[in-house]
Amino acid sequence: MTSLARSASLGIELADGANPSLGVDAPALYTRIKALAAAQSNDIAEHVAGEGIRIIQARGRLTGPHTIEAAGLTVEADVVLIATGASPRALPDGVPDGERILTCRQIYDLPELPEELIVVGSGVTGAEFASAFQALGSQVTLVSSRDRVLPHEDKDAAMVIEGVFRRRGMNVLGKSRAEAVHRKGDGVVVTLADGRQVTGSHCLLTVGMAPATAGIGLAEAGVSLDSRGFIEVDRVSRTAVPGVYAAGDCTGVLMLASVAAMQGRIAMWHALGEAVHPLRLSHVASTIFTDPEIASVGLSQAAVDRGEVPARVVKLPLATNPRAKMAGFRDGFVKLLARPGTGLVLGGVIVAPRASDLILPLSIAIEQNLSVDQIAQTFSVYPSLSGSVTEAARVVMEFAPDAIL
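Fair warning: this is a prediction, and the values are worked out from it, not measured in the lab.

**Description of the sheet that holds strand 1 (residues 60-64)**
Turning to step 1, where the next piece is worked out: An order of 1-2-3 is seen for the three strands of this open sheet, with the pairing classed as antiparallel. Of all the strands in the sheet, just strand 1 and strand 3 (73-76) have a single pairing partner and so form its edges. The sheet shows a mean angle of 30 degrees between the axes of neighbouring strands, direction not considered.
Turning to step 2, where the next piece is worked out: Sheet topology places strand 1 next to strand 2 (residues 67-70); four bridges connect them, and they run antiparallel. By the bridge assignment, Gly60 is partnered in strand 2 with Ala70.

Here it is in structure tokens:
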């Protein structure tokens, strides 16, 4: 939908000149999204079953460190991996009803596109849904309790996204904490901490996740939980109980699918006696699927600004990239952080369409201890968005005149 909206600037006219948002078939879109999720789940289940693993479709409960009860069966195990995930939180005075007040899992059950969507929470999930529904044609109000959207992300990247949101017509309310959400006729009313009220047709709550750790016998088995109910694990996924591991959102360790998968692999490799690298969160690449996307890995700009780590930093605007000019992309940048002297790549941030794909070379560089010089001397396709990565490396690399022959 964003590409359609940009089509006129590329010399492409819609046949009837209509607003492209009028072409959204919301029920078909939601059905496709749920079908894709189900297909991915089914593919994994078939793969697991194909390996000869027994699957019990039931709610399980630990009755001891190495005993699980499920569907009237008792299963004994030498090693237990807990991966029960998490569920969307709600406000104390804002309970989702699945019709007008929604969680991120309920919104796909709507029969229509929300006409006026209020998104409460401006973290990753809130920003992603706000971006998507604004592009689909909803009038979106984003309620943020902080100074800016995406408060825990790179500030430069967050400012770009907030600017895009506002330019596309989104109503972004900063420093506005939501205290209550109630139904009112065919709509909703969100009451803010300062007494203001925001009205809309629907409200989406994106105020964090709660671990699915209650009522499954963890405390009785000796598994330690933190004050928020997340399972406490070390860097090889071990809990406080020998032989019991945990992975994924139930641990509260960077709620990303890639991190959950790696936690599970590390747990099983460790249980089998393999030599493993402890989980290195500084090497995790993450993406926020707004439009444009934000992808980051390694050292953050905030850490550099606090003086924790010295770094040379360069930020190239995407607008100077020839491929971006051809496609009409003007919002975004490539930021590269390198260690002074050695030029080792310490971190990077990319704001661009498909930034989730573009971040890979920087992830490899950090994992393999590569320098900006090595990236700078690597060929990239011309023209390509990835060319901005090698160009940033050429800008940040340090030349030693005495070494030039």
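Read on, since the account is not over.
**Focus on the confidence of the model for the chain**
Turning to step 1, where the next piece is worked out: On average, residues of the chain carry a pLDDT of 94, and 97% of them reach 70 or more.
Turning to step 2, where the next piece is worked out: Overall, residues 400-405 carries pLDDT values under 50, and its contacts beyond four positions in sequence, including any with other chains, amount to zero contacts.

**A few points about the nonpolar core**
Turning to step 1, where the next piece is worked out: Ranked by internal contacts, the top residues of the largest apolar core, which has 29 residues, are Ile107, Phe133, Leu150 and Ile294.
Turning to step 2, where the next piece is worked out: Mapped onto this core, the elements with two or more residues apiece are helix 2 (26-50), strand 7 (116-120), helix 3 (124-136), strand 8 (139-143), helix 4 (155-167) and strand 20 (345-352).
Turning to step 3, where the next piece is worked out: Top contributing element to this core by residue count: helix 3, with five residues.
Turning to step 4, where the next piece is worked out: Every residue in contact with Ile107, bar those within four places of it in the chain, is listed here: Tyr30, Leu102, Leu117, Phe129, Phe133 and Leu204.
Turning to step 5, where the next piece is worked out: Val345, Ala352, Ile359 and Ala393 belong to the second-largest nonpolar core, a separate cluster that totals 28 residues.

**Details of the side chain of Gln301**
Turning to step 1, where the next piece is worked out: Within the secondary structure layout, Gln301 lies in helix 7 (residues 301-305).
Turning to step 2, where the next piece is worked out: For Gln301, a relative accessible area of 16% puts it in the buried group.
Turning to step 3, where the next piece is worked out: At a separation of 3.1 Å, a polar atom in the side chain of Gln301 contacts the side chain of Lys335.
Turning to step 4, where the next piece is worked out: Gln301 has contacts with Asp154, Val313, Lys335 and Leu337, leaving out every residue within four places of it along the chain.

**Things to note about helix 4**
Turning to step 1, where the next piece is worked out: Between its first and last C-alpha, helix 4 extends 18 Å over 13 residues, near the 18 Å set by a 1.5 Å rise per residue.
Turning to step 2, where the next piece is worked out: Turning to helix 4, its buried residues are Ala157, Ala158, Ile161, Glu162, Val164 and Phe165. Down the axis of helix 4, the sector holding all buried residues measures 160 degrees, keeping them to one side.
Turning to step 3, where the next piece is worked out: On its buried side, helix 4 packs onto helix 3, strand 8, strand 9 (171-173), strand 17 (293-298), strand 19 (333-338) and strand 20.
Turning to step 4, where the next piece is worked out: The backbone nitrogen of Asp156 lies 3.1 Å from a side-chain oxygen of the residue at the head of helix 4, namely Asp154.
Turning to step 5, where the next piece is worked out: Looking one or two residues beyond helix 4, the residue adopting positive phi is Gly169, at roughly 100 degrees.

**Quick notes on the pairing of strand 20**
Turning to step 1, where the next piece is worked out: Among the eight residues that make up strand 20, eight are buried, leaving the element largely enclosed by the rest of the structure.
Turning to step 2, where the next piece is worked out: In this structure, strand 17 lies alongside strand 20, joined through six bridges in antiparallel fashion. Residue Ala295 lies in a different strand from strand 20, and its bridge partner there is Ile350.
Turning to step 3, where the next piece is worked out: One ladder, built from six bridges, connects strand 19 with strand 20; its direction is antiparallel. Across the sheet, the residue bridging to Phe333 is Val351, located in strand 20.
Turning to step 4, where the next piece is worked out: Linkage of strand 19 to strand 20, two consecutive antiparallel strands, is achieved through a turn of six residues, within which Gly341 is found at a positive phi near 90 degrees.

What counts as what
Residues numbered from 1 in each chain as written. Predicted model: local features only at pLDDT ≥ 70, side-chain atom pairs only at ≥ 80, totals over all residues. Heavy atoms only, no water. Pairing = 2+ DSSP bridges. Helix = DSSP H or I, 4+ residues; strand = E, 2+ residues; numbered from the N terminus. Axes fitted to C-alpha atoms, helices over the stretch in contact; angles between N-to-C directions. pLDDT = per-residue confidence, 0-100. Contact = heavy atoms within 4.5 Å. Core = buried A, V, L, I, M, F, W, Y, C linked by side-chain atoms within 4.5 Å. Buried < 20%, exposed > 50% of the residue type's maximum accessible area, 1.4 Å probe, protein only. Polar contact = N/O pair within 3.5 Å; in protein donor to acceptor, adjacent residues only side chain to side chain. Expected span 1.5 Å × (residues − 1). Arc of directions from axis to C-beta.

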